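This is what each chain is made of:
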Amino acid sequence: RKTLLLFTTMAVALVLGAGMAWAAPGAPTVVRTVPPEGATNVSLDAHIKAKFSEAMKYRTINTNTFYLTVGGCTSECLRVPAEVRYHGDTKTAILDPTAPLAPNTQYTATVEGAGDTDQQAVTDRELTPMASDYTFSFTTGSGGGGPGRP
C-alpha cells in the first residue's frame, strides 16, 4: 500500500512538473537592450540588440529564438523578416531586419526562454536555458537617425 502511494505521488509530481520551466538556477538573463524598453524615435534601420549576463551557445541564438513583431503582439504574431547573429566577445545577439522598419510603428522584440510550451530557448554554453521569455518594445520615428544605431 505504501509503495502504491509513493508511486502515485511520483506520477502526479511528474505530470504537474511537465508544464513547469525547465531552466536551472543560475540561468542567463538579458541585461541590456538597444533600443531600450519604451524607446521612441528609433531609426528605421536600427540594429536590435540583446546583451546577455554570460556567454551564450551561439547556435541557440537564431530567428526562432530572437525575433521582432509589429505592435504589442507576443503570441502567434507575424514576425518581421530579419537576420540574427551572435557576438561572443560582447555577449550580444543582434537582429537586423532585412528591410527598413515602418515609420511611427510600435515593435516588440522577443528573446525566447524556457517556461512556455514551445521548447525554444536561448542557452548559455553549458546549455542552461534562459528562465523565461524576455520582451522589450520600442516605437520607430518618422525616419532618419535615432536610437538603435551604433
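It is worth spelling out the nonpolar core at this point. Formed by 25 residues in total, the largest nonpolar core has its most connected members in Ile-48, Phe-52, Ile-61, Phe-66, Leu-68, Val-111 and Phe-138. Those elements that provide at least two residues to this core are β2 (39-42), β3 (48-52), β4 (66-70), β5 (82-87), β6 (92-97), β7 (106-111) and β8 (134-140). Setting aside chain neighbours within four positions, we find Phe-138 in contact with Pro-35, Pro-36, Ala-39, Val-42, Ile-48, Leu-68, Leu-101, Thr-105, Gln-106 and Tyr-107.

Strand pairing in a sheet relies on backbone hydrogen bonds. The paired strands run either parallel or antiparallel. In space, the four strands of this open sheet follow the order β1-β3-β6-β5, with antiparallel pairing throughout. Edge positions in the sheet fall to β1 (30-34) and β5, since each has one partner strand and no second. With direction set aside, neighbouring strand axes in the sheet form an average angle of 15°. As judged from the four bridges shared by β1 and β3, these two strands associate in the antiparallel manner. Residue pairing across strands places Val-34 opposite Lys-49, the latter belonging to β3.

Right, let's talk about the confidence of the model for the protein chain for a bit. Predicted coordinates in regions of low pLDDT should not be interpreted in detail. Mean pLDDT over the protein chain stands at 83; residues scoring 70 or higher make up 77%. For the stretch residues 2-23, pLDDT sits under 50, and the model shows 11 contacts to residues farther than four places along the chain or on other chains.

Here we have four strands laid out as an open sheet, ordered β2-β8-β7-β4, and mixed in their pairing. Sheet topology places β2 and β4 at the edges, where each strand pairs with a single neighbour. With strand direction ignored, the average angle separating the axes of adjacent strands in the sheet is 30°. Examined bridge by bridge, β7 and β8 share six bridges and lie antiparallel to one another. Following the sheet pairing, Thr-108 is matched in β8 by Ser-137.

Along the chain, the position of Asp-124 falls in the loop between β7 and β8. No salt bridge forms around the buried Asp-124; measuring N to O, its nearest opposite-charge neighbour Arg-125 is 8.5 Å away. A polar side-chain atom of Asp-124 sits 2.9 Å from the main-chain amide nitrogen of Glu-126. For Asp-124, the contacting residues outside a window of four places in its chain are Pro-28, Glu-54, Ala-55, Met-56 and Lys-57.

This paragraph deals with unusual backbone geometry. Between Val-34 and the following residue, Pro-35, the backbone shows a cis peptide bond with an omega angle of -5°. Structurally, Pro-35 is set in the loop between β1 and β2. In this structure, Asn-41 takes a positive phi of about 60° despite not being glycine. Within the element layout of this structure, Asn-41 appears in strand β2. Note on Asn-41: relative accessible area 40%, which makes it partly exposed. Despite not being glycine, Leu-127 has its phi angle at roughly 70°, a positive value.

Thresholds, definitions, all that
- Residues numbered from 1 in each chain as written.
- Predicted model: local features only at pLDDT ≥ 70, side-chain atom pairs only at ≥ 80, totals over all residues.
- Heavy atoms only, no water.
- Core = buried A, V, L, I, M, F, W, Y, C linked by side-chain atoms within 4.5 Å.
- Buried < 20%, exposed > 50% of the residue type's maximum accessible area, 1.4 Å probe, protein only.
- Helix = DSSP H or I, 4+ residues; strand = E, 2+ residues; numbered from the N terminus.
- Contact = heavy atoms within 4.5 Å.
- Pairing = 2+ DSSP bridges.
- Axes fitted to C-alpha atoms, helices over the stretch in contact; angles between N-to-C directions.
- pLDDT = per-residue confidence, 0-100.
- Lys, Arg positive; Asp, Glu negative; His and termini not counted.
- Salt bridge = Lys/Arg side-chain N within 4 Å of Asp/Glu carboxyl O.
- Polar contact = N/O pair within 3.5 Å; in protein donor to acceptor, adjacent residues only side chain to side chain.

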